[in-house]
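Residues per chain, in single letters:
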Amino acid sequence: MELTDAPPVATPPIDPSGPVVLVNALVATLADPAGYGLIPAGAIAINGGKVLWTGPAADLPADYAGWPQTNLGGRLVTPAFVDCHTHLVFAGSRAREFEMRLEGASYEEVARAGGGIVSTVRATRAASEDDLIAATLPRLDALLAEGVSLIEVKSGYGLDIHTELRMLRVARRLGKLRPVRVRTSFLGAHATPAEYAGRNADYIADICLPALRAAHAEGLVDAVDAFCEGIAFSPQELAPVFDEAKRLGLPVKLHAEQLSNIGGIPFAARYGALSCDHIEYATDADAAVMARSGTVAVLLPGAFYAIRETQKPPVAAFRAQGVPMALSTDNNPGTSPLTSLLLTMNMGCTLFGLTVEEALRGVTVNAARALGLADTGRIAPGLRADLAVWDAESPAELAYRFGFNPLYARIFGGAEE
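Residues numbered from 1 in each chain as written. Predicted model: local features only at pLDDT ≥ 70, side-chain atom pairs only at ≥ 80, totals over all residues. Heavy atoms only, no water.

All chains considered together, the criterion is met by 1 cavity of 30 Å³ or more. Lining the largest cavity are Glu152, Arg183, Thr184, Ser185, Asp222, Ala223, Pro251, Lys253, Leu274 and Leu371. When residues in the lining of the largest cavity are grouped by element, the largest group, 3 residues, is from strand S8 (residues 181–189). (1 Å grid on protein atoms, 1.4 Å probe; cavity = no way out; pocket = protein on both sides within 12 Å on 5 of 7 lines; lining within 4 Å. Points joined across faces, edges and corners; volume = space filled by probe spheres on them. Helix = DSSP H or I, 4+ residues; strand = E, 2+ residues; numbered from the N terminus.)

Here the focus is the nonpolar core. One finds Phe81, Val224, Ile279 and Phe318 to be the most contacted residues of the largest nonpolar core, which totals 96 residues. Among the elements that line this core, the one with the most residues is helix H6 (residues 200–217), at 8 residues. Once you skip the residues sitting within four places of it in the chain, Phe318 turns out to touch Ile279, Ala282, Ala287, Met290, Ala297, Leu299, Pro313, Val323 and Met325. (Core = buried A, V, L, I, M, F, W, Y, C linked by side-chain atoms within 4.5 Å. Buried < 20%, exposed > 50% of the residue type's maximum accessible area, 1.4 Å probe, protein only. Contact = heavy atoms within 4.5 Å.)

For the rest of this paragraph, the subject is the domain arrangement of the protein. Split by domain assignment, the protein resolves into domain 1 (20–79 + 378–411) and domain 2 (81–371). Between domain 1 and domain 2, the residue contacts involve 25 residues of the former and 20 residues of the latter. The largest per-residue losses of area from domain 1 upon contact with domain 2 belong to Leu30, Ala399 and Arg410, which jointly make up 32% of the total buried on that side. Scanning the region where domain 1 abuts domain 2 turns up 9 residue pairs in polar contact (both at pLDDT 80 or more). Among the elements of the structure, strand S5 (76–79), strand S14 (387–390), helix H15 (396–400) and strand S15 (407–411) are those that each provide at least two residues to the side of domain 1 that touches domain 2. A per-element tally of the side of domain 1 that touches domain 2 places H15 first, with 4 residues. (Domains from an automatic or database assignment. Buried area = accessible area lost by both parts, 1.4 Å probe. Polar contact = N/O pair within 3.5 Å; in protein donor to acceptor, adjacent residues only side chain to side chain.)

A separate point is the packing of aromatic side chains. The tally for this structure, following the rule as stated, stands at 9 aromatic pairs. Measuring from ring centre to ring centre gives 4.9 Å for Tyr64 and Trp67, while their planes differ by 65°; the resulting arrangement is edge-to-face. Judged by relative accessible area, Tyr64 falls into the buried class, the value being 14%. Three or more aromatic residues joined by ring pairs make a cluster, and in this case those are Tyr196, Tyr203 and Phe233. We note Arg75 situated over the ring of Tyr408; from NZ or CZ to the ring centre the distance is 3.8 Å. Above the ring of Phe90, the side-chain terminus of Arg139 is found at 3.6 Å from the ring centroid. (Phe/Tyr/Trp six-rings, centres within 6.5 Å; stacked < 30°, edge-to-face > 60°. Lys NZ or Arg CZ within 6 Å of the ring centre and 35° of its normal.)

A pair can form between side chains of opposite charge whenever their charged atoms are brought close. The full count for this structure, using the stated rule, is 22 salt bridges. Between Glu129 and Arg173 there is a salt bridge whose closest N-O contact spans 3.5 Å. Within this pair, whereas Glu129 is found in helix H4 (residues 129–144), its partner Arg173 is found in helix H5 (residues 161–177), the two being separated by 44 residues in sequence. Salt-bridge contacts for Arg178 lead to Asp141; the nearest nitrogen and oxygen are separated by 2.7 Å. Of this pair, Arg178 sits in the loop between H5 and S8 while Asp141 sits in helix H4, placing them 37 residues apart in sequence. (Salt bridge = Lys/Arg side-chain N within 4 Å of Asp/Glu carboxyl O.)

Per-residue confidence for the protein gives a mean pLDDT of 94; residues scoring 70 or more make up 95%. Segment residues 1–12: pLDDT under 50, and 28 contacts once partners within four positions in sequence are set aside and those in other chains are kept. (pLDDT = per-residue confidence, 0-100.)

Annotation from UniProt places "binding site: N-formimidoyl-L-glutamate" (unreviewed entry) at Tyr157, Asn332 and Gly334. A maximum C-alpha distance of 11.5 Å places the annotated residues, which cover 178 residues in sequence, within one compact spot. Summarising the element assignment, Tyr157 is placed in the loop between strand S7 (148–154) and H5. Residue position: Asn332 is located in the loop between strand S13 (325–327) and helix H12 (341–352). Once residues within four sequence positions are removed from consideration, Asn332 is found in contact with His87, Phe90, Tyr157 and Pro337. A polar side-chain atom of Asn332 sits 2.9 Å from the main-chain amide nitrogen of Gly334. (UniProt positions renumbered as here; feature names shortened; annotations may be inferred.)

Pairing within the open sheet is parallel, and its 8 strands lie in the order S6-S7-S8-S9-S10-S11-S12-S13. Where the open sheet ends on each side, the last strands, each with one partner, are strand S6 (81–83) and S13. Direction aside, the axes of adjacent strands within the sheet are offset by 25° on average. Packing of H5 onto the sheet brings it into contact with S7 and S8, and relative to S8 it is tilted by some 170°. (Pairing = 2+ DSSP bridges. Axes fitted to C-alpha atoms, helices over the stretch in contact; angles between N-to-C directions.)

This part is about unusual backbone geometry. What is expected of a backbone is that most residues other than glycine have negative phi and most peptide bonds are trans. Located in the positive-phi region is His278, a residue other than glycine, with phi close to 85°. With respect to the helices and strands, the residue His278 is situated in strand S11 (residues 275–278). What makes His278 buried here is its relative accessible area of 3%. You will see that Ile279, though not glycine, has its phi angle at about 50°, which is positive. Assignment of secondary structure puts Ile279 in the loop between S11 and helix H9 (284–293).

If you want it as structure tokens, here you go:
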């Protein structure tokens, strides 16, 4: 397949660039702070890639009455999905490592056999841009086929300047090869490469900061991320990275409190972080800190499942404090080789106790908020016409099933601006 070929499921027979009214739809707008915002027998007027009006079809304004109409046969319409935390660009496979763990191998034994992040770094460093594009497109196409219109893609498997930049260039190219918006996050502070073992501060100074500056100068970065954990970097070690992000005018986010609690959330909150992600070991006090800073809690049940974690994120505390919760695949080769937001929704409900409404908001409006975007994730006048049409009678069906894709059509509002 040529790299420019369109994916098999991505573009419906509905052109949102010209005037069209979608009718006979069950519209879940998610436009209000609570509830689905359901409109039975609803209609949506679209033009120029934007929603101009939505409401009961019986109330369609005269201005839109003469426009072409598409009858959706009573199907459910939601905002298109947003995957707000992915490591989608990488080379190589960790399937043998998975098999070794099932056979009883320890983490150390896997590492000694060349597994772990070292193997992904080695494969990614050796891959060209075109190699990475060819490896990434099938993963991206799987997401698009489930109604995704916006994804976040991180660097972090290069851990040298040239490969970090290569990964970000590939992420940018994805948005040109497929009808999808791509937001990039610089994750140079993901791990310390073997050549800098035991010298975290030197790695930050020699590689991470120069790579960030170079990526920003090339227009490749929308946000800055880091991995704050005992096996990665401490808040003190990450302060220069976030200080530089602030100097460059870039928002930050943080992998925090995944395996332990070393103060990542209050550290990120001091920088007004868009999101803190994983956060299984967050406390009630951390939830209060996130509420004050307006930081989104990004829950990643795929990684929780894959590493057989037992510590669940404090969902009740997030609810009590009014912290918005997002869900994402965390697609990565080692701990979450997951390319389904539908399954992620089910996992969020069954593993973490989210309601269906929380799960749906988690892959739409709150996921967009985790990326700092307010023009998508809801269905309302003036927002992008990024929509998903489902062969479903209620939102609950989207989280209820797993291993089944009810997408009827994905409507993409327009090219990345």
